[in-house]
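Residues per chain are reported as follows:
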Amino acid sequence: MTRKTYSLFAILVILALLVAACGGRATTAAPQEPASGAEAPPVVETVEVVKTVIVTVEVPAAAPAATPQVKIQVAEAPGFGETLKAVQERGNLICGVNGQLPGFSYLNPDGSYAGFDADFCRALAAAIFGDVSKVEFRQLTTSERFTALQTGEIDVLIRNTTWTLSRDSAELGLNFAGTTFYDGQGIMVPADSGLATLKDLEGGTICVQKGTTTELNLADVMATNGINYTPAVFDDVNATYGAYAEGRCDAATSDKSQLSSVAKGLLPDPDKHVIMDVTLSKEPLGPAVRQGDDQWFDIVKWVIFTTFASEEYGVSSTNVDEQRGSTTNPEVKRLLGVEGEMGLKLGLTNDWAYNVIKLVGNYSEIYARNLGEDTPTFIPRGLNSLYKDGGVLYSPPFR
Amino acid sequence: MEKSRPDRLRSSLALWRDERFLRLIGQVVFLLILAGIITYLTRNMLANLRQQGMGLGFDFLRLTAGFDIGEHIISYDRSQSFLRAFLVGFLNTALVSGLGIFFATVLGLIFGVARLSSNFLIQRLARAYIEFLRNIPLLVLLIFWYTGVFIKLPRVKEAIALPGQVLLSNRGVAIPWGIPTETFPLYIRILGLGAILAVAIGISLVWYGRRSGRAPIPVLWSFLIFLAAAILGWMALPMSPLLLDLPALQGLRLAGGKQLSPEFMALLSGLAIYTSAFIADVVRTGIQAVARGQVEAAKSMGLSGIQTLRLVVIPQALRVMIPPLTSQYLNLTKNSSLAVAIGYPELFHVSGTILNQSGRAVEMITLVMATYLMISLLTSAFMNWYNRRVRLVER
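The model shown is predicted, which means the values in this text are computed figures rather than measured ones.

**Notes on the overall build of chain B**
Along the backbone of chain B there are 12 helices and eight strands. For 395 residues, the compact-globule estimate of 2.2 N^0.38 gives 21 Å, and the C-alpha radius of gyration of chain B, at 28 Å, exceeds that figure by more than 25%. Taking the principal axes of the C-alpha coordinates as reference, chain B spans close to 90 × 75 × 50 Å. In chain B, the proportion of contacts linking residues at least 24 apart, taken out of those at least 6 apart, comes to 67%.

Following this line, the structure appears as structure tokens:
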């Protein structure tokens, strides 16, 4: 009898509390919605956003009827401008890199990061802060990289990551901001093995890194050619090539740039390995950002284009000051912030591109520093030349 | 009438001073806070996912996986689904855990008993083994086995041949293996019949032993009968049900027999040896937990050394050993996820690949956790059932 009344009472209490909680939620939620609706018209912020949008789209004195439509689109895009704001408040840029790949991003003995990807991180920091030291590098494995970006642990991922549709689409929630390095997948074998074509690998074991497009391409190509093989899949660069060096696998596969940089940087006997004359796939490597922050997306994209354009116009870190003062080319003037307000349109200062070139350099300087002939990780420029020189690097106009 | 009085007494007590009410309200508040935190975290995650335009759901498991897996018990290729790939990983975990548990138990028993040996050398060696292994991290041991032993073996062309045509190379260990022939399904049926017969005879022997008091060892007889059925069946069939397949070098690889990859071997050795040290200690404590008087009593009743062990010590030691043994088995299974460091495609390794190729972090991690939880719960359920069977029945 008494137990019953108590349990009944307990249930009542729980119900009451639940109702109270739900009620509370409902009442707090309810005013929020009208409030946000009511906020829209008067606030200054949104108006500013609208202005920038109009300017970049270059619809001078757009019809007033069109304005609200644009406003709604921008206001709805989640996180517009959030990343830049967060980076500026934090005072540094967090850049996800590989960290184990000589020539691309590699930890120097003194604890600093060097490499092609690392330099693009610095270029981005230069554009935002005018200071290349304001980068915090996060070393990520292939399987960590996307989650790190999705969760906001890093601001940008510059980690020799291949641009593919499924990664670019809503499935991963990422956007690729362009291509910094055009690559293709290759296969490395010991020079004395006598393996020269894909068919020679019949029945062999191939070392590959986990969670890469390489892993998928390998499966595709082998299935297409009807070649049986066993993949040996490892989690990081060192484990993959460590196992290859021990002879665990007949071959190792990855982007050609990676194979060449690894062969020269990580293997004990670099001369005894060759990259087979087979290209398995297209591998455009470039920085990725989160979906939903178009401003940040644009900044990363245009920092890359800055390095292309400056090479095209012959602006380099050594002559940038001189060019800034004396140039008569209006395109260069706009690039260096002498004319126009290109930086402001991106939410940066007008000397953003000047800083990138002055502090990091143009594309050819970055390339020469990390992958050029004088470096141990030399890779011929090939496709990664300006369109004028037979490559595919092409920057849209700075206008 | 009498009942209503204490009722009235209670109701006269102010509610907030009633201890039982306070306890109850404490629990309710705790539950609500917990539910609130979980709700908040879930909503937060969902809102963030929505913001990035990502949904939540397990539909992606039906998509084509697109990657190959080096070792699979069930058939698998790149055109199959993520779910199939997950299943391959799960079965690899089950395989390595099952074998690992078996070898760890055998080794653990040997070293546990050796630890109590009266022979000074054996006892010291067993102790050194246990102490050494218990005090190094498993990951270090796994990497040692992998990079220090199995891939340091000679290359394929110089493979070491052990007696019995076992080939050791840095591509793995190749052992002779049977290839089933046409008569194999029939042979399986013969084995089944033999097993049924063996169990029936074992049960009747137990029953006979209870009645007459003279017990032949039922397990031994059952085993002999099963063995006889197996041998006779093999001889009787017109064609041998299994053909012996010997491994040999063929082109780039060792072909034939059963190929055990270095990753698998390293993981199995690492897990079995590491866990065996803990099991050895469980065995030792179990045996030591049996009161000395029990052994003395058994001896004074005229039981031989073996009989004392079989009839008195082990049944009582098992009772103490089962719960800690269960947790060692669970540890072994869960520790198999460390294989990710050496590249054996078990559950966690394959899930990592799926996660990365599909981008579904939340779903995959949930799935992995649920799967490990399920394996652990099943193992505990079995061990608890066994524990109830061997428990000292109090009368």
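Moving on from the coordinates now.
**Quick notes on the domain arrangement of chain B**
Interface size is commonly expressed as the accessible surface area that is lost when the partners come together. Split into domains, chain B comes out as domain 1 (4–51) and domain 2 (82–176 + 246–390). Measuring from the centre of the C-alpha atoms in domain 1 of chain B to the corresponding centre in domain 2 of chain B gives 45 Å.

**Side note on the sheet that holds strand 3 (residues 172–175) of chain B**
Residue and element names in this part refer to chain B. Pairing is antiparallel across the open sheet formed by four strands, whose spatial order is 1-2-3-8. Lying at the two open borders of the sheet, with one neighbouring strand each, are strand 1 (160–162) and strand 8 (258–260). Averaged over neighbouring strand pairs, the angle between their axes works out to 20° when direction is ignored.

**Some words on helix 11 (residues 347–358) of chain B**
Compared with an ideal rise of 1.5 Å per residue, which puts 12 residues at 16 Å, helix 11 of chain B spans 16 Å between its outermost C-alpha atoms and is within 8% of the ideal. Where burial is concerned, most of helix 11 of chain B is hidden: 10 out of the 12 residues are buried. Among the residues making up helix 11 of chain B, those that are buried are Leu347, His349, Val350, Ser351, Gly352, Thr353, Ile354, Leu355, Asn356 and Gln357 of chain B. Elements in contact with the buried residues of helix 11 of chain B: helix 6 (142–150) and helix 8 (213–225) of chain A together with helix 3 (82–115) and helix 12 (361–390) of chain B. Downstream of helix 11 of chain B by one or two residues, Gly359 of chain B has phi in the positive range, about 75°.

**As for the interface of chain A and chain B**
Between chain A and chain B, the residue contacts involve 41 residues of the former and 36 residues of the latter. Its residues placed into classes, the side of chain A that touches chain B shows 17 nonpolar, 16 polar and eight charged.

**Points about the packing of helix 5 (residues 116–129) of chain A against helix 11 (residues 294–312) of chain A**
All names here are of chain A. Two elements in contact, helix 5 and helix 11, have axes separated by 10 Å at closest approach and are oriented at 110°. The angle between the axes of helix 5 and helix 11 places the two elements in the roughly perpendicular class. Across from Ala123, Leu124 and Ala127 in helix 5, the residues of helix 11 making contact are Ile299, Val300, Val303 and Thr307. For the contact of helix 5 with helix 11, the per-class residue count stands at six nonpolar, one polar and no charged.

**Notes on unusual backbone geometry**
For Asn160 of chain A, which is not glycine, the phi dihedral falls at a positive 25°. For Asn160 of chain A, a count of 28 C-beta atoms within 10 Å gives the class buried.

**Considering the nonpolar core**
Counting residues in hydrophobic clusters, the biggest one holds 147 residues, and the most contacted among them are Cys121, Leu124, Ala127 and Val300 of chain A together with Leu267 of chain B. No other element matches helix 8 (residues 262–288) of chain B, which puts 15 residues into this core. Excluding anything up to four places from it in sequence, Cys121 of chain A contacts Leu93, Cys95, Val97, Val135, Phe137 and Ile158 of chain A.

**As for the sheet that holds strand 3 (residues 105–107) of chain A**
Residues and elements named next belong to chain A. With antiparallel pairing, three strands are arranged side by side in an open sheet as 2-3-4. Both outer strands of the open sheet, strand 2 (100–101) and strand 4 (113–114), are each paired with one neighbouring strand and no more. In the sheet, strand 3 pairs with strand 4 via two bridges, with the strands oriented antiparallel. Directly across from Tyr106, in strand 4, lies its bridge partner Ala114.

**So, the pairing of strand 3 of chain B**
All names here are of chain B. Where strand 2 (residues 166–169) and strand 3 come together, three bridges link them in antiparallel fashion. Paired with Ser169 across the bridge in strand 3 is Gly172. Taking the residues that link successive antiparallel strands as the turn, the strand 2-strand 3 hairpin has two residues. The pairing of strand 3 with strand 8 spans three bridges and is classified as antiparallel. By the bridge assignment, Val173 is partnered in strand 8 with Leu260.

**Topic: helix 10 (residues 256–265) of chain A**
All names here are of chain A. Within helix 10, eight of the 10 residues are buried, which leaves the element mostly enclosed by the surrounding structure. Looking only at helix 10, the buried set comprises Lys256, Ser257, Gln258, Leu259, Ser260, Ser261, Val262 and Ala263. Residues of helix 10 that are buried make contact with strand 2, strand 8 (181–190), helix 9 (237–245), strand 11 (251–255) and strand 12 (273–275).

**Regarding the packing of helix 4 (residues 120–134) of chain B against helix 8 of chain B**
Residues and elements named next belong to chain B. Running from N to C, helix 4 and helix 8 cross one another at 120°; their axes reach a closest spacing of 9 Å. Regarding the angle of helix 4 to helix 8, the classification is oblique. Here the hand of the crossing between helix 4 and helix 8 comes out left-handed. Listed contacts from helix 8 to Tyr129, Ile130, Leu133 and Arg134 of helix 4 are Ile273, Tyr274, Ala277, Phe278, Ala280 and Asp281. Its residues placed into classes, the contact of helix 4 with helix 8 shows eight nonpolar, no polar and two charged.

**A closer look at the confidence of the model for chain A**
The share of residues in chain A with pLDDT of 70 or more is 80%, and the mean pLDDT across the chain is 81. Residue range residues 19–77 of chain A is modelled with pLDDT below 50. Its contacts to residues more than four positions away, or to other chains, number 21 contacts.

Conventions used here
Residues numbered from 1 in each chain as written. Chains lettered and ligands numbered in written order. Predicted model: local features only at pLDDT ≥ 70, side-chain atom pairs only at ≥ 80, totals over all residues. Helix = DSSP H or I, 4+ residues; strand = E, 2+ residues; numbered from the N terminus. Rg over C-alpha atoms; globule rule 2.2 N^0.38 Å. Contact = placed C-beta atoms within 7 Å. Domains from an automatic or database assignment. Pairing = 2+ DSSP bridges. Axes fitted to C-alpha atoms, helices over the stretch in contact; angles between N-to-C directions. Expected span 1.5 Å × (residues − 1). Buried ≥ 20, exposed ≤ 12 C-beta atoms within 10 Å, placed from the backbone. Nonpolar A, V, L, I, M, F, W, Y, C, P; charged D, E, K, R; others polar. Parallel < 35°, antiparallel > 145°, perpendicular 65-115°, else oblique. Core = buried A, V, L, I, M, F, W, Y, C linked by C-beta atoms within 7 Å. Left-handed = near helix turned anticlockwise from the far one by under 90°. pLDDT = per-residue confidence, 0-100.

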